[in-house]
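# Residue-level structure breakdown
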Amino acid sequence: ARHTTMVVACFLSVVVVLLPFVAFVVYATWRYASAIRGTVETKFVIACRFLFVKFIPECYYFSLLLILRSLCISLIPIFFLEAAVQIVFLCGVMITFTVVQSRLRPWRSTVTNYVDSCMSSALLLLLIVGAVAADMEVADDTLNALAAAMLIIVLVVAAIGLLLGLVIAGCKFGPRYGRFICHHKADAAAQARYLKMLLQVKTSSQVFIDSDDLSDLDDLFAIVKVDVGTLVVYLTRDTLRRPWCAGEVTSAFLASKAKVNTVVTPSFLKPTEEDMAALDNYIDQSGCDLGAYCIYEKDIKVAFKMLFEPDILSVKMPADVTGGAKYEHIVADLLGNSMKTASRGPPMIPNDSGMVVISSNPQDDEAVAAASILSLKLQEKLMHTQALMCSLCDRDTSDIDAILSCIDKARAVIVLLSAGTIRCWSQLLVLLDVSTVRTDILQTNSGKVSGMASSGAVSDKSPMGSPVHNSSSDQNKRPVIPMTLSNFAFPDDQFYEVTLPSILPRSHYEAAELLRSFFRLIAMPFSTAASNQVLEAQVNMVSTRIPKFDPNNRKKSKMAITVGIMKDLQTTAEASHMNNPSISAAIQEQILCDLHNFPAEIVVAPPEATPDSVDWRYDDQHRNRIQCI
């Protein structure tokens, strides 16, 4: 009766504080995977970041385990009154969580992992010393019950561990891999990997691609025969010409119970009757003799005919969907959940500050898939920095001003260099804007740009159209990270002398200087055909070069390219049937932005006016600034 008030207060505290908080942690941990995929609101991610920021991405759930450990330690003295029983169960809880922590090493800091293990061991040692030093009398019935309880717990844990081991080892009914993606690495390494990532999230089953899951090529066909539920044949230009792909298709149809689905890309051409009649010429077997695996030409013919039967689920890559969304549509069709194509087109480029911007060639499916992979993996690595990812290939790139504004406000710019990069106008715009040049290049024949190297603009009257560049401090704050795909070739002299003038006929001289400046940066490889461990290491290297904090708390920098280049890009974009707004609107808006801090009279000169014919009215303090604009 003396403790009634305390009991009521304790009950209310548990109901009002403890249980809701534990439920919130469980809910936030459950939604973390959706947060990584970008399907959860940013506000929710920021509100819950304290639960995940201290742990590596693979162990994001460890905060929940810490809370459960603390809950068990606090509840054991309540449920068990005898000191000996309390000590035994406390030791059991501490040993269990110490083993888990030592195995997972969840903390981002190595020192923190060691400290956590040492603290848990010290607490165990303290419990043992207390048990030895205490004068405890334990009844025989209590000891017997305790021994029986510990034996039951050990047996239950051993049984659960055995079952988990059987599941992990694949000793279960059904195939080990839910899907096997058959693809040609040279054409679709990134596309196959991105499909694997999406399928594993949607189906929660293992998906096989040889880069990750194969250690011996001799085991490849055996895996298709016995360990695969569905073979997904990703048909690009040379898929069926590859002996390993032909062998996989044949094994699936003639020696396996696996289902077969196909994904047809625009580059694929169905083999003709002539090709089928001369398969030894159609399939390049120089690196693999299929006969050694008991796969013969007559079997391949039968399998190829079955591959194009009407009852085989065939998914075509959607032509009216851009960016990484096309692969989400493919996965939805493979799973029987067709997605409706949005009639409004791709979303606009966001105007947020502090994003990590990824530029890739939107017309190159391999580059688009690589950008999507990089975006997902970086989002996971940078969760603690609140940095948002913006892949330009997923956005509407018809607005040149929006692209430049997005780059100017970016925390970092990652440029994925692929086969068509230097011929794609939207990515060429990014390359030119993030480039820097030496100040000795900033000389023009008109002599109107003296003292303008750090301020940003040039007169369109200049014959050379001297390029304008961001200041060195801005470049240091906003890193530019080039990454090369396997199909990228650096531009040669023929590109600068022939190809570039055809793209930018009036400004190819200054554009060439900017491009040469960009390609002096050290590029990092992004090996989409390598294993996931290699990709993780490369993404880790990229993440270390991205600032933890938004560096854009600074004065807005000027556009880093000349008006002449802008006009050429405008013409190129319009020739590509892109509806771009006028560049002059962006320039006038920048004038107003730059002059809002001091009194000035804004006069818009007539179109035929030149810098020399305008009656400039300004004081000496702002002479260079206004002249630059």
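What counts, and at which threshold
Throughout this document, residue positions are counted from 1 along each chain, in the order its sequence is written. Local features in this predicted model are restricted to residues whose pLDDT is 70 or higher, and side-chain atom pairs enter the listing and the counts only when it is 80 or higher, whereas totals over whole chains, interfaces and linings include all residues. In computing side-chain properties, one takes all heavy atoms of the structure into account and sets aside hydrogens as well as water. Strands were regarded as paired on the criterion that DSSP finds at least two bridges between them. Strands here mean DSSP runs of E at least two residues long; helices mean DSSP runs of H or I at least four residues long; both are numbered from the N terminus. Contact definition: two residues touch when any of their heavy atoms are within 4.5 Å. Here an angle of 0 to 180 degrees is reported between the N-to-C directions of two axes, which are lines fitted to C-alpha atoms, with helices fitted over the stretch in contact. Two rings from Phe, Tyr or Trp (for Trp, the six-membered ring) form a pair when their centres are within 6.5 Å of each other. A pair whose planes differ by under 30 degrees is stacked, one over 60 is edge-to-face, and the rest are tilted. Exposure is judged per residue with a 1.4 Å probe applied to protein chains only, and the accessible area is read against the type maximum: over 50% gives exposed, under 20% gives buried, and values in between give partly exposed. A side-chain nitrogen of Lys or Arg and a carboxyl oxygen of Asp or Glu constitute a salt bridge if their distance falls within 4 Å. The nonpolar core is taken to be a set of buried Ala, Val, Leu, Ile, Met, Phe, Trp, Tyr and Cys residues, with the residues joined through side-chain atoms within 4.5 Å. By definition, disulfides here are pairs of cysteine sulfur atoms that lie within 2.5 Å. The definition of a right-handed crossover adopted here requires that, viewed with the strands pointing away, the path from the first strand over the helix to the second runs clockwise. An expected span of 1.5 Å times one less than the residue number is assigned to each helix. Nitrogen and oxygen atoms within 3.5 Å of one another constitute a polar contact, given that in protein one can donate a hydrogen and the other can accept it, and given that sequence-neighbouring residues count only through two side-chain atoms. Working definition: roughly parallel below 35 degrees, roughly antiparallel above 145 degrees, roughly perpendicular at 65 to 115 degrees, and oblique for all remaining angles. Crossing handedness is defined as follows: a turn of the near helix away from the far one that is anticlockwise and smaller than a right angle gives a left-handed crossing, while the clockwise case is right-handed. Polar here means any residue other than Ala, Val, Leu, Ile, Met, Phe, Trp, Tyr, Cys and Pro, which are nonpolar, and Asp, Glu, Lys and Arg, which are charged; Gly is therefore polar.

For the rest of this paragraph, the subject is the sheet that holds strand β9 (residues 480-484). One open sheet accounts for five strands, arranged β7-β6-β8-β9-β10; its pairing is parallel. Where the open sheet ends on each side, the last strands, each with one partner, are β7 (389-391) and β10 (524-525). In the packing of helix α16 (residues 365-381) onto the sheet, the strands contacted are β6 (356-359), β7, β8 (412-417) and β9, and the crossing angle to β8 comes to about 145°.

This part covers the packing of aromatic side chains. Counting across every chain of the model gives 18 aromatic pairs. On the numbers, 5.8 Å between centres and 80° between planes, the contact of tyrosine 194 with tyrosine 327 is edge-to-face. With tyrosine 194 in helix α8 (residues 185-203) and tyrosine 327 in helix α15 (residues 325-334), this pair connects stretches of sequence that are 133 residues apart. The class for tyrosine 194 is buried, based on a relative accessible area of 5%. Ring geometry for phenylalanine 518 against phenylalanine 519: centres 5.3 Å apart, planes inclined by 80°, an arrangement best described as edge-to-face. In this structure phenylalanine 519 comes out as buried when scored by relative accessible area, which is 16%.

Attention now moves to the pattern of salt bridges. In this structure the tally under the stated criterion is twelve salt bridges. In this structure, the salt-bridge partner of aspartate 212 is lysine 196, at a minimum N-O distance of 3.0 Å. One end of the pair, aspartate 212, is in helix α9 (residues 210-213); the other, lysine 196, is in helix α8, and 16 residues separate them in sequence. Since its relative accessible area comes to 25%, aspartate 212 is described here as partly exposed. Lysine 301 is the salt-bridge partner of glutamate 297, the closest N and O atoms lying 3.9 Å from each other. Of this pair, glutamate 297 and lysine 301 both sit in helix α14 (residues 297-307), four residues apart, which is roughly one turn of that helix. Judged by its relative accessible area of 27%, lysine 301 is partly exposed.

With that out of the way, let us pick up the environment of serine 70. Here serine 70 is to be found in helix α4 (residues 62-79). A relative accessible area of 44% means that serine 70 is categorised as partly exposed. Serine 70 sits 23 residues away from valine 93 along the chain, and the two C-alpha atoms are 9.7 Å apart.

The parallel open sheet is built from five strands, whose spatial order is β2-β1-β3-β4-β5. Each having just a single partner strand, β2 (207-208) and β5 (313-316) make up the two edges of the open sheet. Across four bridges, the pairing between strand β4 (residues 259-264) and β5 is parallel. Paired with asparagine 261 across the strands is leucine 313, a residue of β5. Here α8 sits on the sheet and contacts β1 (177-182), β2 and β3 (228-235); the angle it forms with β1, its principal contact strand, is near 165°.

Turning our eyes to something else, we now look at unusual backbone geometry. Positive phi values are uncommon outside glycine, yet arginine 105 reaches one of about 45°. Position of arginine 105 relative to the elements: it lies in the loop between α5 (83-104) and α6 (110-133). The class of arginine 105 is partly exposed, set by a relative accessible area of 36%. Look at cysteine 294: it is not a glycine, yet its phi comes out positive at around 60°. Of note, cysteine 294 is situated in the loop between α13 (279-282) and α14.

Along the polypeptide, glutamate 536 turns up in helix α22 (residues 532-544). According to the relative accessible area criterion, glutamate 536 is buried, its value standing at 18%. In contact with glutamate 536, other than residues within four places in its own chain, are Lys377 and Lys381.

Core analysis: the biggest nonpolar cluster contains 45 residues, and Tyr327, Ile414 and Phe526 have the highest contact counts within it. At eight residues, α16 tops the list of elements feeding residues into this core. Not counting residues up to four positions away in its chain, the partners in contact with tyrosine 327 are Gln191, Tyr194, Leu195, Leu198, Tyr234, Met317, Asp365, Val368 and Ala369.

This next bit is on the state of the cysteines. Evaluation of the coordinates by the stated rule reveals zero disulfides. Cysteine cysteine 390 is unpaired, with the sulfur of cysteine 406 as its nearest cysteine sulfur at 4.1 Å. By relative accessible area, cysteine 390 is classed as buried at 0%.

Alternating residues of β6 divide into Val356 and Ile358 and Val357 and Ser359, and every residue in both groups is buried. Once the chain exits β6 it traverses α16 before rejoining the sheet at β7, and the crossover so formed is right-handed. Of the pairings in the sheet, the one linking β6 to β8 comprises four bridges and is parallel in character. The residue of β8 that forms the bridge with valine 356 is alanine 412.

Our focus in this paragraph is α6. With 24 residues, α6 should reach 34 Å at 1.5 Å per residue; the first-to-last C-alpha distance of 35 Å fits that figure. Within the span of α6, buried status applies to Asn113, Asp116, Ser117, Ser120, Leu124 and Leu127. Looking at the buried side of α6, the elements it contacts are α4 and α5. The N-capping residue of α6, defined by a side-chain oxygen 3.3 Å from the backbone nitrogen of valine 111, is serine 109.

Where helix α1 (residues 4-30) contacts α4, the axes come no closer than 10 Å and their chain directions differ by 155°. Taken as axis vectors, α1 and α4 run roughly antiparallel relative to one another. Relative to α4, the crossing made by α1 is left-handed. For the pair α1 and α4, the contacting residues are Leu18, Phe21, Val22, Val25, Val26 and Thr29 in the first and Leu64, Ile67 and Leu71 in the second. Looking at side-chain class alone, the contact of α1 with α4 contains eight nonpolar, one polar and no charged residues.

In this section: the side chain of threonine 484. Secondary-structure assignment places threonine 484 in strand β9. Sequence-distant contacts of threonine 484, that is, excluding residues within four places in its chain, are made with Leu417, Phe490, Ala523, Met524, Pro525 and Phe526.

The angle between the axes and the distance between the axes are what describe a pair of packed helices. Where helix α20 (residues 493-503) contacts helix α21 (residues 508-518), the two axes come as close as 10 Å, and the packing angle between them is 125°. Taken together, the axis directions place α20 and α21 in an arrangement best described as oblique. The hand of the α20/α21 crossing is right-handed. Residues Phe495, Tyr496, Leu500 and Pro501 of α20 lie in contact with α21, whose contacting residues are His508, Ala511, Ala512, Leu515 and Arg516. Residue composition of the contact of α20 with α21, grouped by class: seven nonpolar, one polar and one charged.

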